[in-house]
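One-letter residues, chain by chain:
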Amino acid sequence: MTLRIHNTLTRQVEPFSSLEPGHVRMYVCGMTIYDLCHVGHARMMMAFDVVYRWLLASGYRVTYVRNITDIDDKIIRRAVERGMRIRDLTDEMIAAMRADIAAIGISTPTHEPRATDFITPMLEMIGTLEGKGLAYRADGGDVNFAVRKFDGYGKLSGKSLDDLRAGERVAVADGKQDPLDFVLWKAAKPDEPLDARYDSPFGPGRPGWHIECSAMSCALLGEQFDIHGGGMDLQFPHHENEIAQSEGANGKPFVNVWMHNGFLNVDNEKMSKSLGNFFTIRDVLKKFDGETLRFFMLRTHYRSPFNFSDAHLDDARSALRRLYTALSVVPMAEVQPIDWSLAPAQAFKAAMDDDFNTPGAVAVLFELAAELNRTRSAELACQLRSLAATLGVLQQAPEAFLQAGSGLDEATIAQRIADRLAAKLARDFSAADRIRDELLAAGILLKDSPQGTTWVKA
């Protein structure tokens, strides 16, 4: 089975073929970096981390770009509120983002461009659009894109120009020729800090949000590339506007495959600060380890709505413990090149090639774990870890995962296990049982075998 991907542009699942044989070029809209990342951000980055990993596992060379927006209204406001330079704020938030997503195993992309490092390519693209009559200078100093002059606007979102209600969001004073037009270059405002201003042929100002991705993707991946991804909320207007800018400037198709991940809900409601159900990645990692959060997200298909709750995370942790428990019955298995001719590998590949069906792939892991529990086969353990590696899970030593988060230090636990053994040898079984029960009450489950006593977190 060849890889098939749901293409938002065509609204169909289609066979994937890269423009350049053996090389995939992929761009994903990343963070606007003024605060800590929340679980919705984690959901988006996780979705495309899976795509990236699977393309690599499928033998492709992948150039993966995930941008950082480091200049916009929210960033400027936050920097002013905190009394700091914009660059200092964004440096701090980028470092926090990288630490948080590393904890859930999200890979580093090939390129992670900052918008402010690509001002010149943005200005060049705006100049090209103006020269083609697709952009105009407004009275207030802004430069806007003339939407009605671009044929095909709305093809990604399925919206017609007559149906769009963008006029509700546009004030008359914006100087737009049409309510649908959007800003390419924002003129500097008198009350904005100096480090929010960049020189340009259009006067001092800063780029609009949409032009950033068009310019950065073109600079790093070329005028046409394979995959563009992001959250479903970006389909319109952001990605629709990217198409208009890029195809308007370059005169060729922009992207072959558009991918969008599903919305995040918290306990079946939209996540919102006003509802009090807003969680940063750091909030979640205070209660759950990063691999559990990652595994939790893998159990939902990337296009499906994603319901976040502590109960679902608890269930994911229990499920992940079952997989690690299966691996713990044999010596630590090394990850090996996958033999795709084996039946479990074929089933796993069929799931992942079906639009990155991670729930189906995870089901294969549990089938392998059940067989491993029955046979205690080192070969099956190797298969299990090797397949799981393509999803970024089951790479810890089983004991490390199973013992993590215990309330007692290892020396204390080891001493109590030794005390229990001494009691059993003295035939004081009530004392041995009491030690076992005390450890269990402390969250430590003892496991006896002919090889001795081991423990896991209960």
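Refer to the structure printed above.
Quick notes on the rules
Residues numbered from 1 in each chain as written. Predicted model: local features only at pLDDT ≥ 70, side-chain atom pairs only at ≥ 80, totals over all residues. Heavy atoms only, no water. Pairing = 2+ DSSP bridges. Helix = DSSP H or I, 4+ residues; strand = E, 2+ residues; numbered from the N terminus. Axes fitted to C-alpha atoms, helices over the stretch in contact; angles between N-to-C directions. Parallel < 35°, antiparallel > 145°, perpendicular 65-115°, else oblique. Contact = heavy atoms within 4.5 Å. Nonpolar A, V, L, I, M, F, W, Y, C, P; charged D, E, K, R; others polar. Buried < 20%, exposed > 50% of the residue type's maximum accessible area, 1.4 Å probe, protein only. Polar contact = N/O pair within 3.5 Å; in protein donor to acceptor, adjacent residues only side chain to side chain. Right-handed = clockwise from strand over helix to strand, strands pointing away. Salt bridge = Lys/Arg side-chain N within 4 Å of Asp/Glu carboxyl O. Expected span 1.5 Å × (residues − 1). Arc of directions from axis to C-beta. 1 Å grid on protein atoms, 1.4 Å probe; cavity = no way out; pocket = protein on both sides within 12 Å on 5 of 7 lines; lining within 4 Å. Points joined across faces, edges and corners; volume = space filled by probe spheres on them.

Undergrad: Where do I start with the sheet that holds strand β7 (residues 182-187) in this structure?
TA: Within a beta sheet, neighbouring strands are joined by backbone hydrogen bonds and run either parallel or antiparallel to one another. Across the sheet, which stays open at both edges, the four strands sit in the order β5-β6-β7-β8 with antiparallel pairing between neighbours. On the outer flanks of this sheet lie β5 (135-137) and β8 (205-207), each paired with one strand and no other. Strand after strand, the sheet turns through a mean of 20° between neighbouring axes, direction not considered.

Undergrad: How should the packing of helix α8 (residues 290-298) against helix α9 (residues 310-327) be read in this particular structure?
TA: At a closest axis distance of 9 Å, the pairing of α8 and α9 adopts a crossing angle of 100°. Considering their axes alone, α8 and α9 lie roughly perpendicular with respect to each other. Contact residues: Glu291, Thr292, Leu293, Phe295 and Phe296 in α8; His312, Leu313, Ala316, Arg317, Ala319, Leu320, Leu323 and Tyr324 in α9. When the residues that make up the contact of α8 with α9 are grouped by side-chain class, the tally is nine nonpolar, two polar and two charged.

Undergrad: How should the sheet that holds strand β12 (residues 269-270) be read in this particular structure?
TA: Spatially, β12-β11-β13 is the arrangement adopted by the three strands of the open sheet, whose pairing is mixed. Among the strands making up the open sheet, the edge pair consists of β12 and β13 (306-308). Bridge analysis of strand β11 (residues 264-266) against β12 gives two bridges, and the strand direction is antiparallel. For asparagine 265, the partnering residue across the bridge sits in β12 and is lysine 270.

Undergrad: Which parts of the structure should I look at to understand the side chain of threonine 292?
TA: Here threonine 292 lies in helix α8. With a relative accessible area of 0%, threonine 292 lands in the buried category. In this structure the side chain of threonine 292 is engaged in a polar contact, spanning 2.7 Å, whose partner is the side chain of aspartate 289. Excluding residues within four positions of it along the chain, threonine 292 makes contact with Leu313, Ala316, Arg317, Leu320 and Phe401.

Undergrad: Just checking my understanding: could you explain the pairing of strand β9 (residues 225-231) for this structure?
TA: Looking along a regular strand, one sees side chains alternate from face to face of the sheet. With seven of its seven residues buried, β9 lies for the most part within the structure. Sheet topology places strand β3 (residues 23-32) next to β9; three bridges connect them, and they run parallel. Residue pairing for β9: tyrosine 27 is matched across the bridge by histidine 228. Viewed along the sheet, the connection from β9 through helix α6 (residues 235-250) into strand β10 (residues 255-261) turns out right-handed.

Undergrad: When you look at the pattern of salt bridges in this model, what are you seeing that I'm missing?
TA: Opposite charge on two side chains makes pairing possible when the charged atoms of those side chains draw close. Summed over all chains, the structure comprises 30 salt bridges. The shortest N-O distance in the salt bridge between arginine 53 and aspartate 49 comes to 2.9 Å. Placement of the pair is arginine 53 and aspartate 49 together in helix α1 (residues 39-57), with a separation of four residues, close to one helical turn. Taken as a pair, arginine 53 and aspartate 49 share a single burial class, namely buried. With a shortest N-O distance of 2.6 Å, aspartate 49 and arginine 294 are connected by a salt bridge. With a gap of 245 residues between them, aspartate 49 in helix α1 and arginine 294 in helix α8 connect regions that are remote in the sequence. For the pair aspartate 49 and arginine 294, one class covers both residues: buried. In the salt-bridge network here, residues are joined through shared partners; they are Asp70, Arg87, Asp91 and Arg114.

Undergrad: Quick question: what am I supposed to make of helix α4 (residues 119-131) here?
TA: Residues spaced three or four apart along an α-helix point in a common direction, a consequence of the helix completing one turn every 3.6 residues. Over its 13 residues, α4 extends 18 Å from the first C-alpha to the last, a length consistent with the 18 Å expected when each residue adds 1.5 Å. Residues of α4 that are buried include every one of Ile119, Met122, Leu123, Met125, Ile126 and Leu129, and no others. Down the axis of α4, the buried side of the element spans an arc of 160°, and every buried residue falls inside it. Turned more than 90 degrees from where α4 packs its buried face, Thr120, Glu124 and Gly131 sit exposed. Contacts made by the buried residues of α4 are with β5, β6 (143-145), β7, β8, α5 (209-221) and α6.

Undergrad: Can you help me understand empty space enclosed by the protein in this one?
TA: Empty space among the atoms can be located by rolling a probe the size of a water molecule over them. Taken as a whole, this structure holds one cavity of 30 Å³ or more when the rule is applied. Space inside the largest cavity adds up to approximately 90 Å³. Arg43, Met46, Ala47, Val50, Met297, Leu298, Thr300, His301, Tyr302, Phe356 and Thr358 are the residues that line the largest cavity. Of all the secondary-structure elements, those providing two or more residues to the lining of the largest cavity are α1 and α8. Ranked by residues supplied to the lining of the largest cavity, first place goes to α1 with four residues.

Undergrad: I tried to follow the pairing of β7 on my own but got confused; where do I start?
TA: Most of β7 is tucked away: five of the six residues are buried. In this sheet, β7 lies alongside β6 in antiparallel orientation, the contact comprising three bridges. The residue of β7 that forms the bridge with phenylalanine 145 is phenylalanine 182. In this sheet, β8 lies alongside β7 in antiparallel orientation, the contact comprising three bridges. Looking at the pairing, tryptophan 185 lines up with proline 207 of β8.

Undergrad: Is there a simple way to explain helix α12 (residues 378-389) in this structure?
TA: A rise of 1.5 Å per residue sets the reference length of α12, with its twelve residues, at 16 Å; its end C-alpha atoms lie 16 Å apart and thus fit the reference within 8%. Across the twelve residues of α12, nine count as buried, placing the element largely inside the fold. Taken residue by residue, α12 has Leu380, Ala381, Cys382, Gln383, Leu384, Arg385, Ser386, Leu387 and Ala388 as its buried positions. Its buried side turned inward, α12 meets α9, α10 (343-353) and α11 (358-375). Between a side-chain oxygen at the N-terminus of α12 and the backbone nitrogen of glutamate 379 the separation is 3.2 Å; the capping residue is serine 377.

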